[in-house]
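Structural overview for review
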Amino acid sequence: MPLVVGIRFNPAGKVYYFDPAGFEDLRVGEYVIVETSRGEEAGRIVITPHEVSDEEIIRRLKGVSRRASALDLTQMPYYRYREKDTLDRCQQKVLEHTLPMKIVRTEYNYDGTRLVCFFSAEKRVDFRKLVQDLARSFKARIELRQIGVRDEAKLMGGIGRCGLTLCCSTWLTEFSPVSIKMAKLQDLPLSPMDISGVCGRLLCCLAYESDHYAEVKKTLPRRGKVIDTPHGRGKVTQVDVIKNTIHVELENQVIVEVSHQELHDMAQSSSKPPRRRRRRR
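All of the points below concern the structure found in this document. Predicted, not measured: the structure shown is a model, and the values here were computed from it.

1. Regarding the pattern of salt bridges
- Evaluation of the coordinates by the stated rule reveals 18 salt bridges.
- Between Glu-41 and Arg-38 there is a salt bridge; the shortest N-O distance is 4.0 Å.
- Looking at Glu-41, the relative accessible area reads 11%, which means it is buried.
- Across the pair Glu-96 and Lys-93 runs a salt bridge whose closest N-O atoms are separated by 4.0 Å. Within this pair, Glu-96 and its partner Lys-93 are both found in helix H1 (residues 70-96), separated by three residues, close to a single helical turn.
- Classification of Lys-93 by relative accessible area gives buried; the value is 19%.
- Where salt bridges share partners, they join Lys-93, Glu-96, Asp-133 and Arg-136 into one cluster.

2. Concerning the pairing of strand E11 (residues 245-250)
- Two strands pair when backbone bridges link them, and strand E10 (residues 232-240) and E11 are joined in this way by six bridges, in the antiparallel orientation. From the neighbouring strand, Gln-238 faces E11, where its bridge partner is His-247.
- Linking E10 to E11, which pair antiparallel, is a turn of four residues; within it Asn-244 sits at a positive phi near 60°.
- Bridge count between E11 and strand E12 (residues 255-259): five bridges; the pairing is antiparallel. Paired with His-247 across the bridge in E12 is Glu-257.
- Hairpin geometry of E11 and E12 is characterised by an intervening segment of four residues between the two adjacent antiparallel strands and by a positive phi of about 70° at Gln-253.

The rules behind each value
- The residue numbering used here restarts from 1 in each chain and proceeds along that chain's sequence as written.
- This being a predicted model, a pLDDT of at least 70 is required before a residue's local features are given, and a value of 80 or more before pairs of side-chain atoms are given or counted; all residues contribute to the totals for chains, interfaces and linings.
- Hydrogens and water are ignored here; the side-chain numbers use all heavy atoms of the structure.
- Throughout this description, the term salt bridge denotes a Lys or Arg side-chain nitrogen within 4 Å of a carboxyl oxygen of Asp or Glu.
- Throughout this description, buried means an accessible area under 20% of the type-specific maximum (1.4 Å probe, protein chains only), exposed means over 50%, and partly exposed covers the range between.
- Numbered from the N terminus, helices here are DSSP runs of H or I no shorter than four residues, and strands are runs of E no shorter than two.
- Paired strands, as defined in this entry, are two strands with at least two bridges between them according to DSSP.

Don't take any of this as a statement about function, it's just geometry.
So, in C-alpha cells, the structure goes:
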C-alpha cells in the first residue's frame, strides 16, 4: 500500500495526497513546497504520512520537494497582503479592456511568481490581451480561471441565512448535489427566497439532514393517512421529524400529538395473541 501525506492549500480547500518520500517525519501544521500541475505551491500538512489502499490513488503521486524555509514563510503573508490591492488593479484593467467579466479574487503563490485571477462571466470571454497586460503590470505568470456562482460565494465569503459564516468558505471542501426534493422532504417552504443561499442556488445545508428525514419518515405514518392511536382513530395532519412525533386529528376534531414509541407499543400489544383462560373443573 502506498505511503501518502495529506496537504491542503486553502483553509477550506480539498486535501490532496503527495508522496512523502524522504519526509516521513512531517507533522500536522508544517508547511512544505510541492510541485503541482500549476507549478510550485506551498501547502500545509493536515494528515501525517500514512498508508492508503491503491483504490484511493487516482493518479501518479507527486513528491514533496522540501520543507518551507524561513524566507518562504515570510513571503507567504506578504503576498497575501498584496492580493487586495492586486484585485483592485485587475478590476481596473478589465474595465479598460471593456470585457464582460468580473474579477472575484486574486491569489499569489507563495513566492509571487504566479498570480491566479478568479473571474465570473455569463459566457466565454476572449481575455488574451488582458493576460498580456496583467503580465506586464505584475511581472508574474498570469492564470485566469472562470468559476461558477457557488465557487464565487466560497471565495468571497459572507454571512448565511442562519447568521453564521458561509459553510463553503469555512469548512465545506466540496459541493454536494442539492435538489428541491430535499426541501419537500423536510417540509420547508418552496419559495426560492427561503431556500436559496447568497449564491442564488439551493442551500447546501438542505443536504445535511436529508438522509435523517428520509429514514425517520419511513417509520412514521404519512400526512393524510387514517390510523388508530391510543387516543382513538384519526387522520394524520402533521409529521414532526425532529421530535419523532405526529399530530392526529381525532374523530371528535381534537388534535393530539402521538410519539413513534406510542405507535410502536400499540402495534406490539395488538400483535400479541390473546391470553387463554383456564377452564374451571
